[in-house]
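# What the coordinates show
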Amino acid sequence: MYNKLQYISQGNTIEEQLYNIHQALDAGCDWIQMRFKNQTAKDTFALAEAVKFLCEEYLANFIVNDDLHLAELIAADGVHLGLTDMKIDEARAILGNTKIIGGTANTFEDIQNHAKNGADYIGLGPFRFTNTKEKLSPILGLSGYFEILQKMKKNKITIPVFAIGGITLKDINPLMETGIYGIAVSGLITENDEKEKLIQQLNEKLYAKVIV
Ligand SMILES: Cc1ncc(COP(=O)(O)OP(=O)(O)O)c(N)n1
Ligand SMILES: Cc1ncsc1CCOP(=O)(O)O
Ligand SMILES: [Mg+2]
């Protein structure tokens, strides 16, 4: 089973990225998604190699945002694909069944398609506005998650759903009550000065028993 907390990396340079990822690993994150936008192929490859090495050292899962070929090249644990990235079934055909493939969703229909096409998990969002990503899809809010998770239940779709977008500690209990599996966060961890304490608090809430 997957960890319930995924850290999405931040940083405009290789050094910033490595610093942030290292801090997250040190503080107890065991699932990293490397998200390094608008960079040269050379720098992205160099960062990916370094992150792979770090994640191996910390026994953490390592997935790459957007770039399936990079994930394949460096033998990452998987890839996260958005609605405008490579299609999930195409990615599955290339990566095989042993790698993790996550897919972004903003609607129930997106989830249906991803589940049918062989995704391992869904990143459903945005929960609320965030500065971390440009061109956000429509904001779902708690009611959006509730509606979509109810439809999943009705249609017996059981793929794990990770909430994403502007999530803070106090959002976790209400979000978990909608039936999500976990969360993917970037700013919350990157910008916190007491990361170890934060991650412990996040995990306590994420792994508390919730009856849905
Ligand atoms: C876990 C998770 N969920 C959603 C996203 C968003 O992916 P995408 O829509 O492709 O946007 P970018 O991250 O590529 O800007 C994600 N990265 N991770
Ligand atoms: C990648 C992505 N996709 C939807 S919101 C988002 C950013 C999440 O980052 P943060 O946790 O800082 O809001
Ligand atoms: Mg993407």
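What counts, and at which threshold
- Residues numbered from 1 in each chain as written.
- Chains lettered and ligands numbered in written order.
- Predicted model: local features only at pLDDT ≥ 70, side-chain atom pairs only at ≥ 80, totals over all residues.
- Heavy atoms only, no water.
- UniProt positions renumbered as here; feature names shortened; annotations may be inferred.
- Buried < 20%, exposed > 50% of the residue type's maximum accessible area, 1.4 Å probe, protein only.
- Contact = heavy atoms within 4.5 Å.
- Donors = N, O, S within 2.8 Å, 3.2 Å for Na, K, Ca; no water.
- Helix = DSSP H or I, 4+ residues; strand = E, 2+ residues; numbered from the N terminus.
- Axes fitted to C-alpha atoms, helices over the stretch in contact; angles between N-to-C directions.
- Parallel < 35°, antiparallel > 145°, perpendicular 65-115°, else oblique.
- Left-handed = near helix turned anticlockwise from the far one by under 90°.
- Nonpolar A, V, L, I, M, F, W, Y, C, P; charged D, E, K, R; others polar.
- Phe/Tyr/Trp six-rings, centres within 6.5 Å; stacked < 30°, edge-to-face > 60°.
- Pairing = 2+ DSSP bridges.

## Some thoughts on the UniProt feature "binding site: Mg(2+)" (unreviewed entry) in the chain
Residues given the UniProt feature "binding site: Mg(2+)" (unreviewed entry) here are Asp 66 and Asp 85. In terms of the greatest pairwise C-alpha distance, the residues named above, spread along 20 residues, form a tight cluster of at most 6.2 Å across. Classification of Asp 66 by relative accessible area gives partly exposed; the value is 26%. Setting aside anything within four residues of it in sequence, one finds Asp 66 in contact with Lys 37, Val 79, His 80, Leu 81 and Asp 85.

## Regarding the coordination of the magnesium ion (ligand 3)
Here the magnesium ion (ligand 3) is held by the protein donor atoms Asp 66 (OD) and Asp 85 (OD), which lie 1.9 to 2.4 Å from it. Here Asp 85 lies in the loop between β4 (78–81) and α4 (88–95) and Asp 66 lies in the loop between β3 (61–65) and α3 (68–73), a separation of 19 residues in the sequence.

## Notes on the packing of helix α1 (residues 14–26) against helix α2 (residues 41–57)
Each packed pair of helices is defined by two parameters, the angle between the axes and the distance between the axes. Axis separation between α1 and α2 bottoms out at 10 Å; the angle between their running directions is 20°. Taken as axis vectors, α1 and α2 run roughly parallel relative to one another. The way α1 lies across α2 gives a crossing that is right-handed. In contact with Ile 14, Gln 17, Leu 18, Ile 21, His 22 and Leu 25 of α1, α2 contributes Asp 43, Ala 46, Leu 47, Ala 50, Val 51, Leu 54 and Cys 55. Of the residues that constitute the contact of α1 with α2, the class distribution is ten nonpolar, two polar and one charged.

## Some remarks on unusual backbone geometry
Note the cis peptide between Gly 125 and Pro 126, where omega equals 5°. Within the secondary structure, Pro 126 is located in the loop between β6 (121–124) and α6 (141–154). You will see that Asp 66, though not glycine, has its phi angle at about 75°, which is positive. For Lys 135, which is not glycine, the phi torsion reads 45° and is therefore positive.

## Overview of the packing of aromatic side chains
On inspection of all chains with the given rule, the structure shows seven aromatic pairs. Plain terms: the ring middles of Trp 31 and Phe 162 are 5.4 Å apart, the flat faces sit at 85° to each other, and that makes the pair edge-to-face. Here Phe 162 lies in strand β7 (residues 161–164) and Trp 31 lies in strand β2 (residues 31–34), a separation of 131 residues in the sequence. Classification of Trp 31 by relative accessible area gives buried; the value is 0%.

## Focus: the UniProt feature "binding site: 4-amino-2-methyl-5-(diphosphooxymethyl)pyrimidine" (unreviewed entry) in the chain
What UniProt calls "binding site: 4-amino-2-methyl-5-(diphosphooxymethyl)pyrimidine" (unreviewed entry) maps, in this numbering, to Gln 33, Met 34, Arg 35, Phe 36, Lys 37, Asn 65, Thr 104 and Lys 133. With respect to the helices, strands and loops of the structure, Met 34 is situated in strand β2. Overall, the relative accessible area of 2% leaves Met 34 in the buried class. With residues up to four places along the chain from it excluded, the contact list for Met 34 reads Ser 9, Gln 17, Thr 44, Leu 47, Ala 48, Val 51, Phe 62, Ile 63, Val 64, Asn 65 and Leu 70. Note on placement: Lys 133 falls in the loop between β6 and α6.

## Some remarks on the sheet that holds β2
Around the barrel, eight strands lie side by side as β1-β2-β3-β4-β5-β6-β7-β8; this closed barrel has parallel pairing. Across the sheet, the mean angle from the axis of one strand to that of its neighbour is 25°, orientation sign disregarded. Sheet topology note: the strand β1 (residues 5–8)/β2 ladder contains two bridges and is parallel. By the bridge assignment, Tyr 7 is partnered in β2 with Ile 32. Strands in contact with helix α5 (residues 108–116) are β5 (100–105) and β6; relative to β5, the strand with the most contacts, it is inclined by about 160°.

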